[in-house]
Structures are given as C-alpha cells and as structure tokens.
Amino acid sequence: MTKTVLRTPAERIKFCDGFFKATGATCVYDTEGYREYSLPRDVDKELTDRPYYWLWVEQTSQNVPPTVLRMAFTDEALTRENERLREQALRQREGQAFSEIEQMFFRPPTAELVTLGSFRLDRIMSAAESRGRFCAVSLPAGRTGRIVPWLLQNVVVSYRSDIVEQVWHSVGVCLENGQVVESFFDTVRHLPLQPTDPTGLLSLAKLNLSEAWNRITGLLQRLVSNHPDEWAKSAWERLAKEERQLHTYYMSILPDIPPDEQAAVEAEMKAKICQVRDRVAPKVEIDMKQTALVGLVTH
C-alpha cells in the first residue's frame, strides 16, 4: 500500500527497490540511478510480456537462466551503464571464435529507462497493485496489551469529466467497537506490522465485515457529498457549450445536404453529441484499491 507519487528518480528507485525486495528478486548490481535485478519466475511472468516463451519453457521442462532486468532511472545512468555493458560484453568475447553470422548479430545487453509512463514501470505498478489487493498484518506477538482487529480500505475517488481530479482516502473500521477513522493508513504505516493469519484476526472481531463495509461506504458517501462541486458545474458548462457548437454547425450545413442524406447527417450529429457527453459529463468513480485486516494493540 503506497501513496508514493514517483515523480522523481529517487522516488521511483525507492518504489522499485521495495517491490523487488518484497517479491524475492535478487539485486545483482546497484549503483547511482541504476539497478539490475535477477527475477524469480513468477515475477518474470508478471513483468515481461512473453507468454509463448513461458508456455514453451514449461511444456518442454527447460531449465532457463533467470531474467535480469537492467533499469536506469536517469538519462545519465542510461548512457553510462549502456557503455559499461557494451565494454563488459566485448571483454567477455575476447579470445572466443565466432562465425560471421554470430559477429553480424552480436548485440550487447542494454539497459532500459524507467520513468513515468514507461512500459516497465507500468508493469511493476500493476504487479504491486495486484499483489497488494488484500493482506493481513498485525503487531508482533509479545507486546503488552491485546490485539484488536481493524478493517482498512484504501480508496481512490475520481471526480471525472474531461479533466480528472483524484483523491486518496484511507478508512479504518475497528471490528471491536465500530469506530471509523479517516487517514488510517497514515496512522499505521510506521508501525512494525508483520504478516499474519487473517482467520485469527477475524475470530477476534465483534463486528462482521458486512457491517464494517457499510460504515466505510457511509463515510465515503459523506466525503463525496461534501466535496466542492465547482468542478461539476464547470463541466456542465463546457458540455453545454460544446453541444451548442455541434448543433449550430450541423444545422448550418443541413440545408445544403440532399434530402435523402439529411437523416444520416442528423444521426452523425447525435452520435457526436453522445461522444461529447461521455467525455465531458461529470461523474464520480470510486476504485477500491486495497483491503487489509490489521491487528493493533490496545492497552
């Protein structure tokens, strides 16, 4: 569960380092603005787009070496490490005999630039989101006090028109007394939480998950209702303007259209107006990103 924006290379490096550590990948090279990771097979399948390769590997029981991702997070690191990789590959080839074909198709390994919008970062973020959909964590045993279970829900609310505003909410519900807490993730993110068995936490709950969920949705409804609505009013104004422009344009050309073609032109106008409404009309979307059972200690 993360709120990292990933705008800077340092943020992207921290995010990727955390992801690969959590998934059991091995860092085989680490320098400024650059990482190389040897991937476990399950992580490789998530991050590389080659399903037919893995189908062949598994059906033929091939023992293939692990994939190494070479990731540069700045342009300077990309240039520097590509040169290093080329020199390293050339040194490894010294003293070896290669045919003309092998010489012709020789390509040293290269790094890839990992930045916002890049294929690799998108795949890493998707894999992290998929793996983090649900978890159960608790403070370690032995702390004074008893464990109290909480339900945590991380949510992104999108106020969407032709302009999108997204707001992150993290809501916690105490499964013992029904208390609802906003910004719950910020409250627990620095605690030494450890993975635990969710059935153990659920056995301590006095409030069932359905009741807790109703409390979360009730809070979200209030938050959305209290959100300033200037964005929606502006969107309706832009929509009305674009609809008027479309209507004026088609009405101006309609007299010049042959009678037998006017129905098609009117249908085209209606289709254009529908497209504008889909794009500009304000709507609220709620995306439930992550759910967790969290065991906290009460004294």
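For the structure, check the block above.
Residues numbered from 1 in each chain as written. Predicted model: local features only at pLDDT ≥ 70, side-chain atom pairs only at ≥ 80, totals over all residues. Heavy atoms only, no water.

Engineer: Please clarify how the overall build of the protein chain should be interpreted in this entry.
Structural biologist: The helix and strand inventory of the protein chain stands at 11 helices and 10 strands. The C-alpha atoms of the protein chain give 27 Å as radius of gyration, which overshoots the globular expectation for 299 residues (19 Å, by more than 25%). Taken over the C-alpha atoms alone, the protein chain extends approximately 80 × 70 × 40 Å along its principal axes. The burial tally for the protein chain puts 34% of its 299 residues in the buried class. (Helix = DSSP H or I, 4+ residues; strand = E, 2+ residues; numbered from the N terminus. Rg over C-alpha atoms; globule rule 2.2 N^0.38 Å. Buried < 20%, exposed > 50% of the residue type's maximum accessible area, 1.4 Å probe, protein only.)

Engineer: I tried to follow the nonpolar core on my own but got confused; where do I start?
Structural biologist: Note that soluble globular proteins tend to have their nonpolar side chains buried in a common cluster. Formed by 18 residues in total, the largest nonpolar core has its most connected members in C16, F19, F20, L39, L47, M71 and I124. Sort the elements by how many residues they give to this core and helix α1 (residues 9-22) lands first, with five residues. If we ignore the near neighbours within four places in the chain, the residues touching C16 are F73, L121 and I124. Listed in part, the 17 residues of the second largest apolar core include V155, L219, W231 and A232. (Core = buried A, V, L, I, M, F, W, Y, C linked by side-chain atoms within 4.5 Å. Contact = heavy atoms within 4.5 Å.)

Engineer: Can you help me understand the pattern of salt bridges in this one?
Structural biologist: Opposite charge on two side chains permits them to pair, given that their charged atoms come into close proximity. Taken as a whole, this structure holds 20 salt bridges when the rule is applied. A salt bridge links K45 to E58; its shortest N-O distance comes to 2.3 Å. On the criterion of sequence distance, the pair formed by K45 in helix α2 (residues 41-47) and E58 in helix α3 (residues 51-59) is long-range, its members being 13 residues apart. Since its relative accessible area comes to 37%, K45 is described here as partly exposed. Between R146 and E176 there is a salt bridge, with its nearest N and O atoms 2.6 Å apart. Placement of the pair is R146 in strand β6 (residues 146-160) and E176 in the loop between β7 (164-174) and β8 (180-182), with a sequence separation of 30 residues. Overall, R146 belongs to the partly exposed group, its relative accessible area being 46%. In this structure E176 comes out as partly exposed when scored by relative accessible area, which is 23%. (Salt bridge = Lys/Arg side-chain N within 4 Å of Asp/Glu carboxyl O.)

Engineer: When you look at the sheet that holds strand β10 (residues 283-298) in this model, what are you seeing that I'm missing?
Structural biologist: Note: strands within a sheet are paired through backbone hydrogen bonds, in either parallel or antiparallel orientation. A sheet is described by the order of its strands in space; here six strands give the open sequence β8-β7-β6-β10-β5-β9, paired in mixed fashion. Either end of the sheet is taken by a strand with one partner, and the two such strands are β8 and β9 (194-195). With 11 bridges joining them, β6 and β7 adopt antiparallel strand pairing. Paired with L151 across the two strands is V173, which belongs to β7. (Pairing = 2+ DSSP bridges.)

Engineer: Explanation requested: unusual backbone geometry in the structure shown.
Structural biologist: Leave glycine aside and you will find that most residues have negative phi; peptide bonds, for their part, are mostly trans. Phi at S61 takes a positive value of approximately 55 degrees, unusual for a residue other than glycine. Inspection of the secondary structure assignment puts S61 in the loop between α3 and β3 (68-72). Despite not being glycine, S183 shows a phi value in the positive range, around 50 degrees. Assignment of secondary structure puts S183 in the loop between β8 and α7 (184-188). Classification of S183 by relative accessible area gives partly exposed; the value is 41%.

Engineer: Hey, could you run me through helix α9 (residues 209-226) in this one?
Structural biologist: Three or four residues apart is the spacing at which side chains of an α-helix point the same way, because the helix has 3.6 residues per turn. If you check α9, its first and last C-alpha atoms are 26 Å apart, about what 18 residues at 1.5 Å a residue would give, namely 26 Å. Residues A212, I216, G218, L219 and L220 constitute the buried set of α9. Residues of α9 that are buried sit in contact with β6, β7, β8 and β10. For α9, the capping residue at the N-terminal end is N208, with a side-chain oxygen 3.1 Å from the backbone nitrogen of S210. (Expected span 1.5 Å × (residues − 1). Polar contact = N/O pair within 3.5 Å; in protein donor to acceptor, adjacent residues only side chain to side chain.)

Engineer: It is not clear to me how the sheet that holds strand β2 (residues 34-38) should be interpreted in this structure. Could you clarify?
Structural biologist: Pairing within the open sheet is mixed, and its four strands lie in the order β1-β2-β3-β4. Two strands in the sheet have a free side with no partner beyond their single neighbour: β1 (26-31) and β4 (112-113). Bridge count for β3 against β4 is two bridges, and the pairing is parallel. Counterpart to A72 in the pairing with β4 is L113. Across the face of the sheet, α1 comes into contact with β2 and β3 while running at roughly 15 degrees to β2. Where helix α4 (residues 75-93) meets the sheet, its contacts fall on β1, β2, β3 and β4, and the angle it forms with β2 comes to roughly 55 degrees. (Axes fitted to C-alpha atoms, helices over the stretch in contact; angles between N-to-C directions.)

Engineer: Could you clarify how one ought to interpret the packing of α1 against helix α6 (residues 119-131) in this entry?
Structural biologist: For any two helices packed against each other, one specifies the inter-axial angle together with the distance between the axes. Direction vectors running N to C along α1 and α6 enclose 50 degrees, while the axes themselves pass 11 Å from each other. When the interaxial angle is binned, α1 and α6 end up oblique. Remark: the crossing between α1 and α6 carries left-handed chirality. Contacts between α1 and α6 pair R12, F15, C16, F19 and F20 from the former with L121, I124, M125, A127, A128 and R131 from the latter. (Parallel < 35°, antiparallel > 145°, perpendicular 65-115°, else oblique. Left-handed = near helix turned anticlockwise from the far one by under 90°.)

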